[in-house]
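Inside the fold
Spelled out from the first residue to the last, the chains are:
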Amino acid sequence: MPLVYSHSSPVPKGILSCGNASVMRGGQSKNTMYRHVLAAVGLGPGGECAALHAFRLARLLGSRVTLLHVLESPETQATAELALNELRLQARLRPAVRLEPLQGSVAETILKTALDVGADLILLGARRRSHSSDGEPGLVAQAVTANPRVAVQVVPFGVVEAGPVWPGVRHR
């Protein structure tokens, strides 16, 4: 018999709680807060971190994942398709893949696609090295987080290699 915890119950170790959502080990959930995660991936290592983080969240929360790459020029389509298919193979459940042509700016395209697919969360990969000394996010991340229509998370470079998404929660 699965254990169910209410919002007011103390949350035992190994259970993630946020707002009215309690998520148990192994992806069993009650009121999962993120049912559809959109990982906006570029061709650099930050995009790979965002995709891998999305896969781990999906396993933990029982969410669907869509990988998105915004095509800034048609010449990059073949390279983007290859990179997305390689990333796709790393997921337990194969995510949807979308290549979207640039519609205004990259940030506008990401936000529009998030609404089109019904995403609850947008994941963006941080750049490996910021051009600024204070480590502020890149221009796309700044633009997406400035006017979000859904929750947005910027995944720091290397977060996937650092260990579990949440300490104390084991992943299968």
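Cut-off values and rules
Residues numbered from 1 in each chain as written. Predicted model: local features only at pLDDT ≥ 70, side-chain atom pairs only at ≥ 80, totals over all residues. Heavy atoms only, no water. Pairing = 2+ DSSP bridges. Helix = DSSP H or I, 4+ residues; strand = E, 2+ residues; numbered from the N terminus. Axes fitted to C-alpha atoms, helices over the stretch in contact; angles between N-to-C directions. Salt bridge = Lys/Arg side-chain N within 4 Å of Asp/Glu carboxyl O. Buried < 20%, exposed > 50% of the residue type's maximum accessible area, 1.4 Å probe, protein only. pLDDT = per-residue confidence, 0-100. Contact = heavy atoms within 4.5 Å. Right-handed = clockwise from strand over helix to strand, strands pointing away.

Read across the sheet, five strands follow the order 6-5-4-7-8 without closing on themselves; strand pairing throughout is parallel. Each end of this open sheet is capped by a strand with a single partner; those strands are strand 6 (96-101) and strand 8 (151-155). The sheet shows a mean angle of 25° between the axes of neighbouring strands, direction not considered.

On inspection of all chains with the given rule, the structure shows three salt bridges. Residue Asp120 is joined to Arg35 by a salt bridge in which the shortest nitrogen-to-oxygen separation is 3.7 Å. Taken together, the positions of Asp120 in the loop between helix 3 (106-117) and strand 7 (121-125) and Arg35 in the loop between strand 3 (29-30) and strand 4 (36-40) put the pair 85 residues apart, joining distant regions of the chain. We classify Arg35 as exposed; its relative accessible area is 54%.

Another point: the confidence of the model for the protein chain. Averaged over every residue, the pLDDT of the protein chain is 75; the share at 70 or more is 67%. Confidence drops under pLDDT 50 across residues 1-30; counting only partners more than four residues distant or on other chains, this segment forms 46 contacts. Across residues 162-172, where pLDDT falls below 50, the model places 21 contacts with residues more than four positions away in sequence or in other chains.

This next bit is on the pairing of strand 6. Of the pairings in the sheet, the one linking strand 5 (residues 64-71) to strand 6 comprises six bridges and is parallel in character. Of the residues in strand 6, the one forming a bridge with Leu71 is Pro101. On the question of chirality, the crossover connecting strand 5 to the parallel strand 6 by way of helix 2 (residues 77-88) is right-handed.

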